[in-house]
Structure formats: C-alpha cells, structure tokens
Amino acid sequence: MTQFQKGISVMNYLEGLGMEMMAIGQAISDENLEKSYQLIQENPQITKKVFLMKMEIEEEN
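Residues numbered from 1 in each chain as written. Predicted model: local features only at pLDDT ≥ 70, side-chain atom pairs only at ≥ 80, totals over all residues. Heavy atoms only, no water.

Draft legend 1. Structural context of the pattern of salt bridges. Using the criterion set out here, one finds two salt bridges in the structure. Between Glu34 and Lys6 there is a salt bridge; the shortest N-O distance is 3.1 Å. Within this pair, whereas Glu34 is found in helix H3 (residues 33–42), its partner Lys6 is found in helix H1 (residues 3–16), the two being separated by 28 residues in sequence. Taking the relative accessible area as the measure of exposure, Glu34 reaches 35% and is therefore partly exposed. (Salt bridge = Lys/Arg side-chain N within 4 Å of Asp/Glu carboxyl O. Helix = DSSP H or I, 4+ residues; strand = E, 2+ residues; numbered from the N terminus. Buried < 20%, exposed > 50% of the residue type's maximum accessible area, 1.4 Å probe, protein only.)

So this is what it looks like as structure tokens:
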C-alpha cells in the first residue's frame with residue numbers, strides 16, 4: 001500500500017470516528033502517518049479517545 005493509500009485509509013477511518021479535520025491532519029502528517037496506520041491495523045475497534053491519547057493529539061474544542 002502506498003503512503004497516499006494509507007493516508008486516505010486513516011483519514012476515512014478517523015472521519016468515521018467523528019474526529020475534527022485538524023486532528024486528522026496531524027494524524028496523517030508525514031511524521032505520524034505510519035504510527036496512525038499501525039495503531040488502527042493493530043486495533044481496528046480503537047475509539048477516538050484512545051486513538052487521540054496514544055497519538056498525543058488534541059482536538060480543538
């Protein structure tokens with residue numbers, strides 16, 4: 001799978017969790033994409049809260 005395909009996959013998954021676009025942007029950035037992808041692959045039932053915590057990303061409220 002290409003980096004682009006991974007980015008689209010992660011973005012679609014996180015949109016499905018209801019995550020804000022700014023946080024999704026951080027998750028699919030060059031420095032975070034591999035970690036985000038691995039985290040979702042290892043735990044496909046991960047919650048938004050757990051994902052944000054493990055990735056050390058905060059949403060704007």
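Draft legend 2. Inspection of unusual backbone geometry at higher detail. Even without being a glycine, Glu56 presents a positive backbone phi close to 55°. Secondary-structure assignment places Glu56 in the segment after helix H4 (48–55).

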